[in-house]
Amino acid sequence: MSNPSAGTSSKAKVGSSQPSETSFKRKRGVFQKDLQHMMYGFGDDANPLPETVTLVEDIVVEYVTDLAHKAQDIGSKRGKLSVEDFLYLIRKDMPKLNRCTELLSMQEELKQARKAFEVDEEKLATLE
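Residue indices begin from 1 for each chain and proceed along its sequence in written order. A pLDDT threshold of at least 70 governs which residues receive local features in this predicted model, and a stricter bar of 80 or more applies before side-chain atom pairs are shown or counted, although totals over entire chains, interfaces and linings include all residues. Based on all heavy atoms of the structure, the side-chain values leave hydrogens and waters out of the count.

Participant: Explanation requested: the overall build of the chain in the structure shown.
Facilitator: A run of H or I in DSSP counts as a helix once it spans at least four residues, and a run of E counts as a strand once it spans at least two, with each numbered from the N terminus. Tallying secondary structure elements over the chain gives five helices and zero strands in all. Reading the chain from its N end, one meets helices and strands in the order α-α-α-α-α. The proportion of buried residues among the 128 residues of the chain is 12%. Whether two residues are in contact is decided by their heavy atoms: any pair within 4.5 Å suffices. Long-range contacts, defined here as pairs at least 24 residues apart, represent 35% of the contacts in the chain between residues at least 6 apart. Residue burial is assigned from relative accessible area. The probe radius is 1.4 Å, only protein chains are included, and a residue is buried under 20% of its type maximum, exposed over 50%, and partly exposed in between.

Participant: Whenever I open this one, the packing of aromatic side chains confuses me. Can you help?
Facilitator: Where two aromatic rings form a pair, the distance of their centres and the angle of their planes describe that pair. Within 6.5 Å between ring centres, the rings of Phe, Tyr and Trp (the latter by its six-membered ring) count as paired, and their orientation is classed by plane angle as stacked under 30 degrees, edge-to-face over 60, tilted in between. Applying the stated criterion across every chain yields a total of zero aromatic pairs. It is R91 that lies over the ring of Y88; its NZ or CZ is 4.0 Å from the centre. In this scheme, Lys NZ or Arg CZ marks a charge over a ring once it lies within 6 Å of the ring centre and within 35 degrees of the ring normal.

Participant: Is there a simple way to explain helix α3 (residues 50-76) in this structure?
Facilitator: Helical geometry: 3.6 residues make up each α-helical turn, so side chains three or four residues apart lie on a common side. A helix is expected to span 1.5 Å multiplied by its residue count minus one. With 27 residues, α3 extends 38 Å from end C-alpha to end C-alpha; this agrees with the ideal 39 Å at 1.5 Å per step. Among the residues making up α3, those that are buried are V53, E57, V61, L67, H69, A71 and G75. Summarising the contacts, the buried residues of α3 are in contact with α2 (32-41) and α4 (83-89).

Participant: Help me out: how do you make sense of a negative patch on the surface in this one?
Facilitator: Without a salt bridge and with relative accessible area above 30%, a residue can belong to a patch; like charges are then joined within 9 Å and nonpolar side chains (Val, Leu, Ile, Met, Phe, Trp, Tyr) within 5 Å. Only the protein chains shown count as cover for residues, and the accessible areas themselves come from Shrake-Rupley with a 1.4 Å probe. Throughout this description, the term salt bridge denotes a Lys or Arg side-chain nitrogen within 4 Å of a carboxyl oxygen of Asp or Glu. Under the convention used here, Asp and Glu are negative, Lys and Arg are positive, and both His and the chain ends fall outside the count. In this description, the location of a charge corresponds to atom NZ of lysine, CZ of arginine, CG of aspartate or CD of glutamate. Judged by side-chain charge, E118, D120, E121 and E122 come together as a negatively charged surface patch. The residue E118 is located in helix α5 (residues 94-127) in this model. Among the residues examined, E118 registers a relative accessible area of 46% and is labelled partly exposed.

Participant: Please clarify how the packing of α2 against α3 should be interpreted in this entry.
Facilitator: Between two packed helices, both the angle of their axes relative to each other and the distance between the axes serve to describe the pair. Lines fitted to C-alpha atoms define the axes, with helix axes restricted to the stretch in contact, and inter-axis angles between N-to-C directions lie between 0 and 180 degrees. Running from amino to carboxyl end, α2 crosses α3 at an angle of 100 degrees, the nearest separation of the two axes being 10 Å. When the axis of α2 is compared with that of α3, the two are roughly perpendicular. Here α2 contributes Q32, L35, Q36 and M39 to the contact with α3, which in turn contributes T52, V53, T54, V56, E57 and V60. Classification used: nonpolar for Ala, Val, Leu, Ile, Met, Phe, Trp, Tyr, Cys and Pro, charged for Asp, Glu, Lys and Arg, polar for all others including Gly. Class assignment of the residues belonging to the contact of α2 with α3 gives a composition of five nonpolar, four polar and one charged. Oblique is the label for every angle not falling under 35 degrees (roughly parallel), over 145 degrees (roughly antiparallel), or within 65 to 115 degrees (roughly perpendicular).

Participant: I would appreciate a short explanation of the layout of surface pockets in the present structure.
Facilitator: Think of a ball as big as a water molecule: rolled over the atoms, this probe shows where empty space is left. Both site types are read off a 1 Å grid over the protein atoms alone. A 1.4 Å probe that fits but cannot get out defines a cavity, while an open set with protein on both sides within 12 Å along at least five of seven lines defines a pocket; lining residues have an atom within 4 Å of a point. Grid points are joined across faces, edges and corners, and a volume is the space filled by probe spheres set on the points. What the second largest pocket holds in volume is close to 250 Å³. Taken together, Y63, L67, V83, F86, L87, I90, K96, R99, C100, L103 and L104 form the lining of the second largest pocket. Looking at the lining of the second largest pocket, the elements that each hand over two or more residues are α3, α4 and α5. Ranked by residues supplied to the lining of the second largest pocket, first place goes to α5 with five residues. Counted by class, the lining of the second largest pocket contains nine nonpolar, no polar and two charged residues.

Participant: What's the story with the pattern of salt bridges in this structure? I'm lost.
Facilitator: One side chain can pair with another of opposite charge once the charged atoms of both are near each other. Counted according to the given criterion, the structure contains five salt bridges. Its salt-bridge partner being D58, residue R28 comes within 2.9 Å of it at the nearest N-O pair. Here D58 lies in helix α3 and R28 lies in the loop between α1 (10-13) and α2, a separation of 30 residues in the sequence. Of the charged contacts in the structure, one is a salt bridge between K96 and D93, with a shortest N-O distance of 3.3 Å. Its relative accessible area of 36% is what places K96 among the partly exposed residues.

Below is the structure:
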């Protein structure tokens, strides 16, 4: 009487933009070392359980994938994906938005510093 397909998630059946679990295989364990360090930094044990790290990795990858798909849906209206699409999606989460804008401004500062450093190297090379 039991139907083996009855236990499958209705989330994948509904016409979502996410690929089903069978169509997309991801490499597990790619972020485990980084997540272990992050978890330790946020107060977990220095060597957390592998199951815990795997669960956190699954949650993070699912969140980032979902965010990227939503941003792609927004960007497809204009024909391209941009940073502003991601900022738009996190606009109501002020800590995330503030951190993202801070990181983007630091990235721009580093880019300008590298450019100035390269120009200075070129000037030194021409003087010698």
